[in-house]
Amino acid sequence: MTSEIFSLAKYLAASRSEFSLSEMNQYLSRKYEEKELFDILKMHFFDLGLYCSPDLKCSKLVKRALPADESVVTELEGLLKEPVLPLRIEKLLSSYIERTCGKNWNTGDTARLIRENIISQKEEYWKGEGGSGYPKIRIVSYLLYHFPVYFCQYQYLLLELFKGGLLFNKMRIIDAGSGPGTITLSTVDFFRKLQDVYSRNNMDGKLSIRIESIEKELENILCYEELSKNYMSGGSANIIIGEPVRSSIETAPVPHDADLIVFSNVLAELKSTPPERANVVERIASGSRDPTLIIIEPADLDNSKALRVTQQTLVRKGFNVYSPCSFIWGKMCSGDNCWSFKEQGNITAPDFMKKIADTTDSYRYMNTDMKFSSVILRKRGSSKHNYRAKGKFMALSNLKKHIEKHINVATSVMSGNLGNEKTLVFKICDGTVREPCYAIMPVYHMSENNRELMKADYGDIVEIFGVLVRENKEQASFNLLVTRNTIVRITGV
Ligand SMILES: C[S@@+](CC[C@H](N)C(=O)[O-])C[C@H]1O[C@@H](n2cnc3c(N)ncnc32)[C@H](O)[C@@H]1O
């Protein structure tokens, strides 16, 4: 019977621009309530290319980039300005923690066990080890300590894609190494926020999003299913979550026609070397024509550097960096020796985090700063910045020949302030140099000429005129001293 309904829906979707579910009864061998039809079909709306409104009118959805009008972007940016776990997600996680560890999870032996786990989990991450999976207490520790920051930081990458026209009204999204569902739930929350903004602006917010996941640990999948089922209950059918695939990403069935594939904090857990991880990513992306890939890793030295090696191996395989790197001189870097990460500020700690941190050495259990290394890759074309340097600038690979001279450079800003309030230090890169380079600006040299350096966002390209080259032999790096006469301009290209 279901196949009759499905075939009819397929036929109607192909032959009409709009139909109501109740209309289907004219052609079926028995009558159904609209709600029944809805429940039978809802997991298929995406494949049928249908959008079904709350009043159960279905229309065909033609894939297009989601409109990113200035008013929408401004409103969305406003919503992400003070990052915090949405209350509904916080409650969901709290009840999972209570169900798993009891109402008094934050006291006595249970709390002690959780705190020990939080500490050991952190040590494993810094060593790039995945440990032996996450039995229940490990999942709870993960939810308490890592989930909130990872959930929030990822939404800034979605915002970047949105602003760049890389989010569509119809998308298949793959959450690879999904753990308890951080990325999946964050994606749903982001699209729900976006739909609200569209509706407030009287704009067409019709969406059909399907999220699929791959995860190797059963316990994580069970948690993923529980959290996502509870989160989705009562929601519309225009964002759906598929059955998780239990597998290693090295051997999982290759997803077909994905628009976005996210590897959040998973590649560092693979036993393989950073270049070999690129093969895993390439294989997962191989079934998709034009996907966007997001890879996120922790910001520490080892994991961050490993990510750039994986990234550049993917570039050599034909992928294109959308952001944060710009290859200003048209040359590809090796990806070696590059430590660069984004600092996005702090989230407000959820109550459950405050509870587990309510002990001596409280800071060990608080995790609120969003610091992460990431890359957005595209299988085809398009970079965020298409700027190319011309003759009047010098490539950073030539700095050695110009020590103690004033020069002009065009470069990306690849860090926030790494110095202090008196001396601002920004990592810079133009894709030509292996040694780390920094723009150094003593605050007493700040002037109308050079103030824009402080305003540059992570990955923005700046033109710097009249900057003094210095070598730091001890650190094997170069410093470009920005003085009050140095001119800095953000290019905006
Ligand atoms: C640090 S958690 C990240 C979870 C989630 N993506 C996030 O950002 O919060 C890493 C997850 O990747 C899973 N994982 C590790 N190696 C994997 C592999 N080879 N294949 C699939 N999943 C893997 C782990 O079981 C764990 O759930």
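To be clear, the structure that these remarks concern was listed above.
The sections below set out a description of the structure shown in this document. (Residues numbered from 1 in each chain as written. Predicted model: local features only at pLDDT ≥ 70, side-chain atom pairs only at ≥ 80, totals over all residues. Heavy atoms only, no water.)

## A closer look at the pattern of salt bridges
Part 1: Scanning all chains against the criterion turns up 24 salt bridges.
Part 2: Between Asp336 and Arg434 there is a salt bridge, with its nearest N and O atoms 4.0 Å apart. One end of the pair, Asp336, is in the loop between β10 (320-323) and β11 (342-346); the other, Arg434, is in the loop between β14 (423-429) and β15 (437-442), with 98 residues separating them in the sequence.
Part 3: Taking the relative accessible area as the measure of exposure, Asp336 reaches 35% and is therefore partly exposed.
Part 4: With a relative accessible area of 49%, Arg434 lands in the partly exposed category.
Part 5: Close ionic contact of Arg451 with Glu448 constitutes a salt bridge, the shortest N to O distance being 3.3 Å.
Part 6: By relative accessible area, Arg451 is classed as partly exposed at 31%.
Part 7: Connected through shared salt-bridge partners, Asp47, Arg172, Arg210 and Glu212 make up one network. (Salt bridge = Lys/Arg side-chain N within 4 Å of Asp/Glu carboxyl O. Helix = DSSP H or I, 4+ residues; strand = E, 2+ residues; numbered from the N terminus. Buried < 20%, exposed > 50% of the residue type's maximum accessible area, 1.4 Å probe, protein only.)

## Concerning the packing of helix α1 (residues 2-15) against helix α2 (residues 34-41)
Part 1: Axis separation between α1 and α2 bottoms out at 10 Å; the angle between their running directions is 85°. Considering the angle they form, α1 stands roughly perpendicular to α2. Here α1 contributes Thr2, Ile5, Phe6 and Ala9 to the contact with α2, which in turn contributes Leu37, Ile40 and Leu41.
Part 2: When grouped by side-chain class, the residues that make up the contact of α1 with α2 number six nonpolar, one polar and no charged. (Axes fitted to C-alpha atoms, helices over the stretch in contact; angles between N-to-C directions. Parallel < 35°, antiparallel > 145°, perpendicular 65-115°, else oblique. Contact = heavy atoms within 4.5 Å. Nonpolar A, V, L, I, M, F, W, Y, C, P; charged D, E, K, R; others polar.)

## Let's talk about the environment of Gly416
Part 1: Looking at the secondary structure, you find Gly416 in the loop between β13 (406-413) and β14.
Part 2: Residue classification places Gly416 among the partly exposed positions, given a relative accessible area of 25%.
Part 3: Sequence-wise, Gly416 and Phe426 are 10 residues apart; in three dimensions their C-alpha atoms are separated by 6.1 Å.
Part 4: Discounting chain neighbours no more than four positions away, the residues touching Gly416 are Glu343, Val425 and Phe426.

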